[in-house]
Amino acid sequence: MTTLRSRIIAWAGRLYMARTRKKGFDLSRMSFLPESVLMPLRRHGLDPVGELATVREKEPISKLPVPLAANVWLVTGYDEVKAVLGKANAFSSDFTNLIGQAGASTDQNPGGLGFADPPVHTRLRRLLTPEFTMRRLGRLTPRIHEIVTERLDAMEKAGSSGEPVDIVETFALPIPSLVICELLGVPYEDRADFERLSAARFDLFSGANASFGAISESLAYFREVVKKQRQNPGDGLLGMIVKEHGDSVSDEELAGLADGVLTGGFETTASMLALGALVLLQDESHFAALKDDDEAAERYVEELLRYLTVVQVAFPRFAREDMEIAGVPIAKGDVVLCSLSGADRDGKLGPDMERFDPSRNVPSHLAFGYGIHRCVGAELARMELRAAYPALVRRFPNMRLAVEPDALAFRKLSIVYGIESLPVHLDG
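Conventions adopted
- Residues numbered from 1 in each chain as written.
- Predicted model: local features only at pLDDT ≥ 70, side-chain atom pairs only at ≥ 80, totals over all residues.
- Heavy atoms only, no water.
- Pairing = 2+ DSSP bridges.
- Helix = DSSP H or I, 4+ residues; strand = E, 2+ residues; numbered from the N terminus.
- Contact = heavy atoms within 4.5 Å.
- Axes fitted to C-alpha atoms, helices over the stretch in contact; angles between N-to-C directions.
- Core = buried A, V, L, I, M, F, W, Y, C linked by side-chain atoms within 4.5 Å.
- Buried < 20%, exposed > 50% of the residue type's maximum accessible area, 1.4 Å probe, protein only.
- Parallel < 35°, antiparallel > 145°, perpendicular 65-115°, else oblique.
- Nonpolar A, V, L, I, M, F, W, Y, C, P; charged D, E, K, R; others polar.
- Expected span 1.5 Å × (residues − 1).
- Salt bridge = Lys/Arg side-chain N within 4 Å of Asp/Glu carboxyl O.

Draft legend 1. Structural context of the sheet that holds strand S4 (residues 72-75). With mixed pairing, the five strands of this open sheet are ordered in space as S3-S4-S10-S7-S5. Each of the sheet's edge strands pairs with one partner strand only, and the pair in question is strand S3 (61-64) and strand S5 (91-92). Strand direction decides the pairing type here: S3 and S4, joined by four bridges, are antiparallel. When the bridges of S4 are listed, Lys63 appears paired with Trp73. Contacts from helix H4 (residues 78-85) reach S3, S4, S5, strand S7 (317-319) and strand S10 (335-338) within the one sheet, and its direction differs from that of S10 by about 130°.

Draft legend 2. Here's a closer look at the nonpolar core. With 87 residues, the main nonpolar core has Phe171 and Leu422 as its most contacted residues. Residues within four places of Leu422 in sequence aside, it is in contact with Val165, Asp166, Ile167, Val168, Ala274, Ala277, Leu278, Leu401 and Leu408. Val84, Ala90, Ala319 and Met353 belong to the second-largest nonpolar core, a separate cluster that totals 22 residues.

Draft legend 3. Representation of the packing of helix H15 (residues 284-292) against helix H16 (residues 296-308). The interhelical angle for the contact between H15 and H16, taken along N-to-C directions, is 140°, at an axis separation of 9 Å. Between H15 and H16, the crossing angle belongs to the class labelled oblique. Residues Ser285, His286, Ala289 and Leu290 of H15 form the contact with H16, whose participating residues are Ala296, Ala297 and Tyr300.

Draft legend 4. Region of interest: the packing of H15 against helix H18 (residues 378-395). Their axes nearest at 8 Å, the elements H15 and H18 cross at an angle of 105°. Between H15 and H18, the angle falls in the class roughly perpendicular. Here Phe287, Leu290 and Lys291 of H15 lie close against H18, whose contacting residues are Tyr389, Pro390, Val393 and Arg394. Considering only residue class, the contact of H15 with H18 consists of five nonpolar, no polar and two charged.

Draft legend 5. Helix H7 (residues 141-158), seen in detail. With 18 residues, H7 should reach 26 Å at 1.5 Å per residue; the first-to-last C-alpha distance of 26 Å fits that figure. For H7, the complete set of buried residues consists of Arg143, Ile144, Ile147, Val148, Arg151, Leu152 and Met155.

Draft legend 6. Inspection of the side chain of Thr309 at higher detail. Within the secondary structure layout, Thr309 lies in the loop between H16 and S7. Judged by its relative accessible area of 1%, Thr309 is buried. Setting aside chain neighbours within four positions, we find Thr309 in contact with Arg43, Leu304, Leu340, Ser341, Asp344 and Ala367.

Draft legend 7. Focus on the environment of Leu392. Locating Leu392 in the fold gives a position in helix H18. We classify Leu392 as buried; its relative accessible area is 1%. For the pair Leu392 and Val148, spaced 244 residues apart in sequence, the C-alpha to C-alpha distance is 8.4 Å. Not counting residues within four places of it along the chain, the set of residues in contact with Leu392 comprises Leu152, Met155, Phe171, Ala277 and Met399.

Draft legend 8. Structural detail: the pattern of salt bridges. Under the counting rule described, the total for this entry stands at 30 salt bridges. The closest approach of N and O atoms between Arg395 and Asp153, which form a salt bridge, is 2.9 Å. Of this pair, Arg395 sits in helix H18 while Asp153 sits in helix H7; the two residues are 242 residues apart in sequence, bridging distant segments of the chain. Here Asp153 falls in the partly exposed class, since its relative accessible area comes to 39%. The closest approach of N and O atoms between Arg395 and Glu156, which form a salt bridge, is 2.7 Å. With Arg395 in helix H18 and Glu156 in helix H7, this pair connects stretches of sequence that are 239 residues apart. A relative accessible area of 42% places Glu156 in the partly exposed class.

Next up, the structure:
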């Protein structure tokens, strides 16, 4: 099993690198969009582009110049984003709002929680929530630490020759995918496929059709997994739901829930692990403090979540009625896009929020969203990050970047921000 898993991890890494390094920029489905619309997805290194802060300070709710029948609003202020995301009755997230737009069709509906409204959302979330309580997640804690240790061993082996080791390929990608294998009860040998599918859906490099295609392929895969779980329920999340709820939840709903867990739990955590490691490598004092202080991990993780906010924009909201948000009139049918990365840098949260500062009392950030659609797997992500960062710096206390910072390549136009590779020397 170890040899097989190593081959899978290597193959998955090659697939990922091939995807992120492909040349060209196909905006065939988005070529009509002005730069102001794409701006919330752009960054300079770890930081949102300066235009985002400018827009937030001038107009925390601003109208985007999109050639569509409905108005499209960009919300960048912290209070304003919370106001929108907290109004589940006033805004719809249902996938049917996208059908006929952006290349979306009925058969591409991912199901799950992200694109569902109450009462469907309420019923499905009740199925998942018990599996994400700290008591249930506690059973994963030993396995998470084992997975982290296995990846550190793999990094040490890869760096034994003195050559640089890529944190993305050897550490950041495998940890969350292996954890989700454990959580869902998915075979390890299938991990490479759902790594690829998770990454592809967030990448707007290939236009909307490629993203929707990845969703459709992922759902087809999970339908097969669900069929197997129906026949022989395991101890993972899918098996537990089958055991406890039986036929009251359909195969299609289960596949959508599994896909949603993959969506929320793999690419986001992988990006956090890699980008968080880069933040730590940029300042020796941060690196040293995390290495020596057993209680520092929680504070570091929360500030990293706020500072990086890798999920840059929340799923679109569609106004159900005429209303006002912070004095701005929103009409029924208008589309509202909430910039989570912009909101988490809002000066209303405190001084100098553009800077990473683990000593601050971290405010209530929006890295996991807000309201009824707040990420159900937030605590699982925290568990992985709190286990991974201290273990990484303690195993490799002299680790340093193997390239100049300017040579690092970051993801472009992706809803989930990330870095293509992070080569390091382990011995300093």
